[in-house]
Amino acid sequence: MDNIYLGCHLSIAKGYYKAVQEAISIGANTFQFFSRNPRGGSVKAIDQNDIDKLKQAMEEYGFGPLLVHAPYTMNLCSDKESVREFARNVLKEDVERMKYLPDARFLFHPGSHVGQGAEKGVSLITDALNEVITDDNGPMILLEGMSGKGSEIGGRLEEIAQIIQGVKHNKNLGICIDTCHLHSAGYDVVNDFEGVLDEIDRVIGPGRIGGVHINDNMNGLGCHKDRHAKIGEGTIGLEAIAAIVSNERLTGLPFNLETPNELEGYAKEIKMIRDKIGC
Ligand code: FE
Ligand code: FE
Ligand code: ZN
């Protein structure tokens, strides 16, 4: 079996090198982190020495691509221009900063249309991406599939497909799937994961998945709620998660946990999944 890149969301408050060391200590070979303060939005200065040490450790331990998660406050399709402007600036700056990082993919929640309607939301997000992505040489940018709660865009694959199709330079644009979100949105990742992958290929197009979040679901299929459970403590279960992680159609992708855990809990989950798969 090929190398499986398995990790979790970690803090980079103490630097990238500290984060990669933490990842190594829990048996991870990828990780995810916030591009900046997830609720505020302040950004740290680039520390090239820290990044060089990160790169070195990633090479030494055979890490797969990292995932860089945008802050939650970034809403490209808000009904307020000031919020949209903030979001576009964050997107621009954070995508620009990607060039300093090793192999990494940027991902964001498409946004909430806050009552303007999905069509308006999709068009605002598409416009913002067209403004920021001006050629095909940038980093991979992923829209996260959502549970579809409230006025969230991205609970339906069609919405993500429309955005990608509307962006002129969409070569490096794709989707980050989240097992909890897909399940909550009504896609049966437990009993028919192959069918879900077929649906993604049909609606969004093949080769567009750039990362995976592995979370169990506190609620049921199609609930449109977003409550992550620890692996094996929700309605998806360890069996299905292990099958997803080892699915050969997802080979080479980074799989990251976003379960309600501290480091020790993540270590247990990673071991549990690796034991189940036998890798
Ligand atoms: Fe997310
Ligand atoms: Fe997620
Ligand atoms: Zn979630």
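The model shown is predicted, which means the values in this text are computed figures rather than measured ones.

Rules of the game
- Residues numbered from 1 in each chain as written.
- Chains lettered and ligands numbered in written order.
- Predicted model: local features only at pLDDT ≥ 70, side-chain atom pairs only at ≥ 80, totals over all residues.
- Heavy atoms only, no water.
- Donors = N, O, S within 2.8 Å, 3.2 Å for Na, K, Ca; no water.
- Tetrahedral: all angles 85-135°; square planar, octahedral: opposite > 155°, others 65-115°.
- Salt bridge = Lys/Arg side-chain N within 4 Å of Asp/Glu carboxyl O.
- Helix = DSSP H or I, 4+ residues; strand = E, 2+ residues; numbered from the N terminus.
- Buried < 20%, exposed > 50% of the residue type's maximum accessible area, 1.4 Å probe, protein only.
- Contact = heavy atoms within 4.5 Å.
- Pairing = 2+ DSSP bridges.
- Axes fitted to C-alpha atoms, helices over the stretch in contact; angles between N-to-C directions.

## A look at the coordination of the iron ion (ligand 2)
Distances from the iron ion (ligand 2) to its protein donors, Glu 144 (OE), Asp 178 (OD), His 213 (ND1) and Glu 258 (OE), fall within 2.1 to 2.3 Å. Taken together, the four donor atoms coordinating the iron ion (ligand 2) and their angles of 85 to 173° define a geometry best described as irregular. Counting gaps between the donor residues of the iron ion (ligand 2) yields the pattern E-x33-D-x34-H-x44-E. Here the iron ion (ligand 1) and the iron ion (ligand 2) are spaced 3.2 Å from one another, each receiving a donor from Glu 144.

## Here's the deal with the pattern of salt bridges
Taken as a whole and judged by the stated rule, the model has 18 salt bridges. Of the charged contacts in the structure, one is a salt bridge between Glu 93 and Arg 36, with a shortest N-O distance of 2.9 Å. In this pair, Glu 93 sits in helix 3 (residues 81-97) while Arg 36 sits in the loop between strand 2 (30-34) and helix 2 (48-60), placing the two residues 57 residues apart along the sequence. According to the relative accessible area criterion, Glu 93 is partly exposed, its value standing at 40%. Take Arg 36: its relative accessible area is 8%, and that puts it in the buried class. Across the pair Arg 156 and Glu 159 runs a salt bridge, and its minimum N-O distance is 3.9 Å.

## Digging into the environment of Val 114
For Val 114, the location among the structural elements is in the loop between strand 5 (111-112) and helix 4 (118-132). Ignoring any residue separated from it by four or fewer positions in sequence, one finds Val 114 in contact with Ser 78, Asp 79 and Ser 151.

## Thoughts on the sheet that holds strand 12 (residues 254-257)
With respect to topology, eight strands assemble into a closed barrel ordered 1-2-3-4-6-8-9-12, the strand pairing being parallel. Between one strand and the next, the sheet's axes are offset by a mean angle of 30°, whatever the strand orientation. In the sheet, strand 9 (residues 209-214) pairs with strand 12 via three bridges, with the strands oriented parallel. Following the sheet pairing, Val 212 is matched in strand 12 by Phe 255.

## Some words on the coordination of the zinc ion (ligand 3)
Distances from the zinc ion (ligand 3) to its protein donors, His 181 (NE2), Asp 226 (OD), Asp 226 (OD) and His 228 (NE2), fall within 1.9 to 2.7 Å. Considering all four donor atoms around the zinc ion (ligand 3), angles at the metal cover 52 to 140° and the coordination shape is irregular. Read from N- to C-terminus, the donor residues coordinating the zinc ion (ligand 3) fall into the pattern H-x44-D-x1-H. Separating the zinc ion (ligand 3) from the iron ion (ligand 1) is a distance of 5.5 Å. Of the residues examined, Asp 226 reaches a relative accessible area of 24% and is grouped as partly exposed. Judged by relative accessible area, His 228 falls into the buried class, the value being 17%.

Distances and angles like these do not, on their own, reveal function.
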